[in-house]
Amino acid sequence: MYFGKVRKNNKNDRVPPNQNVTTTFPVLHHGNVPYYDDITKWNIQIYGQVESPKLYTLNELKTLFPKTEYTNDIHCVTGWSKLDTTWQGVKTTDIAKVIKVKPTAKYVIIQAEEGWTTNLAIEDFLKETSLLAYAYDDKPLTPEHGYPLRAVFPHLYFWKSAKWVRGIQFTERNHPGFWEQNGYHMNGDPWREERFSFD
Ligand SMILES: Nc1nc2c(c(=O)[nH]1)N[C@H]1C(S)=C(S)[C@@H](COP(=O)(O)O)O[C@H]1N2
Ligand SMILES: [Mo]
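Below: a short report on this structure. Not measured: the values here are computed from a predicted model.

The rules we used
- Residues numbered from 1 in each chain as written.
- Chains lettered and ligands numbered in written order.
- Predicted model: local features only at pLDDT ≥ 70, side-chain atom pairs only at ≥ 80, totals over all residues.
- Heavy atoms only, no water.
- Salt bridge = Lys/Arg side-chain N within 4 Å of Asp/Glu carboxyl O.
- Buried < 20%, exposed > 50% of the residue type's maximum accessible area, 1.4 Å probe, protein only.
- Helix = DSSP H or I, 4+ residues; strand = E, 2+ residues; numbered from the N terminus.
- Pairing = 2+ DSSP bridges.

**Considering the pattern of salt bridges**
Oppositely charged side chains may form a pair once their charged atoms are brought near each other. Going through the model one piece at a time under the given rule, you end up with 10 salt bridges. Put simply, Asp38 and Lys41 hold a salt bridge, and the shortest N to O gap is 3.5 Å. For Asp38, a relative accessible area of 31% translates into the label partly exposed. For Glu113, the salt bridge goes to Arg166, with nearest N and O atoms at 2.8 Å. Here Glu113 is found in the loop between strand S6 (107-112) and strand S7 (117-121), whereas its partner Arg166 is found in strand S11 (residues 165-171), with 53 residues between them in sequence. Among the charged side chains, a salt-bridge network with shared partners connects Arg14, Asp73 and Asp84.

**A closer look at the pairing of strand S4 (residues 68-75)**
It is a general feature of regular strands that their side chains alternate between the two faces of the sheet. In terms of burial, S4 is a largely internal element, six of the eight residues being buried. Across seven bridges, the pairing between S4 and strand S5 (residues 80-91) is antiparallel. From the neighbouring strand, His75 faces S5, where its bridge partner is Ser81. Adjacent in sequence and paired antiparallel, S4 and S5 are bridged by four residues, among which Gly79 carries a positive phi angle near 115°.

Here it is, written out as structure tokens:
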């Protein structure tokens, strides 16, 4: 007798529960794809519970920090997973060294264009595989996938991987972001199926 749904074998256990592998690259977001007239005016603000808050231009991000490449699987809460996506960018830990995160920083709010936000624990933000990506497959991000800069936190559902990032705020408390205020999970671990929080 079976209890619950019978599922296909997950290839090498690489795919979290109730996810299906896609070879396309779906585009998902709320709001508009931003357009930049003059990318030299773009910047990212990194602040909050840190010793040295910073403002970086795109060029500074690319030249002041080592370029890191990671290949990872991504998992969207709507049910698709994409294997072996390759991103280039700056490791969050490389940034953390420069801004000197205070011990009071327990959470991070990622702030994107149009006021879109998402929240995660500092351990998730500083995980070895966490990247601020400016390229995909060695090409600049396309506008719909987050140009010029997006987060890639592959160990969490992909909604945490904010596109069009403009700010990173280190906080003492966990402030729910855009989808989190609408019922999505505060952590979002796909292996534990942390899709929604109830009540
Ligand atoms: N700024 C911003 N980033 C966002 C979103 C959004 O609405 N706004 N949606 C998230 C969601 S729900 C997903 S699944 C991924 C989708 O990324 P993709 O369009 O590159 O596949 O972006 C995430 N990042
Ligand atoms: Mo999503």
